[in-house]
Amino acid sequence: QVQLVESGGGLVQPGGPLRLSCAAPGFTFSNYAMSWYRQAPGKERELVASISSGGSRLNYADSVRGRFTISRDNMKYTVYLQMNSLKPADTAVYYCNSSPSRWPWGQGTQVTVSS
């Protein structure tokens with residue numbers, strides 16, 4: 001059973017940065033494309049960014065392109081999301097999963113952008 005553990009969220013002022021991490025040990029992590037998703041209160045979960053299994057192909061939602069960067073370290077079974085120039089609209093619980101999602105969702109990590 002794949003277990004996804006997200007971390008790195010918190011409260012940040014508008015314009016600030018955060019770096020999220022998602023650990024996914026115990027399986028052939030390097031075989032799978034991975035994505036970050038987010039869910040804001042009252043809204044459906046949405047795809048934020050994706051990275052291919054080898055890390056060479058990246059895709060971003062229009063709302064975060066140019067501000068967020070997805071990366072991965074297959075040796076550490078970890079995928080990252082560097083978020084810069086954060087906006088209040090980025091406030092959400094952030095999750096990682098494969099791309100497309102195929103595993104049970106983790107607990108997520110809360111990101112709150114507020115002054």
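The paragraphs below set out a description of the structure included in this document. (Residues numbered from 1 in each chain as written. Predicted model: local features only at pLDDT ≥ 70, side-chain atom pairs only at ≥ 80, totals over all residues. Heavy atoms only, no water.)

Regarding the state of the cysteines
All chains considered together, the criterion is met by one disulfide. A sulfur-sulfur distance of 1.7 Å marks the disulfide that ties Cys 22 to Cys 96. In this pair, Cys 22 is assigned in strand β3 (residues 18-23) and Cys 96 in strand β9 (residues 92-98), connecting sequence segments 74 residues apart. Its relative accessible area of 0% is what places Cys 22 among the buried residues. On the accessibility criterion, Cys 96 (0% relative accessible area) is buried. (Disulfide = S-S within 2.5 Å. Helix = DSSP H or I, 4+ residues; strand = E, 2+ residues; numbered from the N terminus. Buried < 20%, exposed > 50% of the residue type's maximum accessible area, 1.4 Å probe, protein only.)

Examining the pattern of salt bridges
Applying the stated rule across the entire model yields four salt bridges. As a salt-bridge pair, Glu 46 and Arg 38 come within 2.7 Å of each other at their nearest N and O atoms. We classify Glu 46 as partly exposed; its relative accessible area is 34%. The partner of Asp 90 in a salt bridge is Arg 38, with the nearest N and O atoms 2.9 Å apart. Here Asp 90 is found in the loop between β8 (78-83) and β9, whereas its partner Arg 38 is found in strand β4 (residues 34-39), with 52 residues between them in sequence. A single burial state applies to Asp 90 and to Arg 38, both of which are buried. (Salt bridge = Lys/Arg side-chain N within 4 Å of Asp/Glu carboxyl O.)

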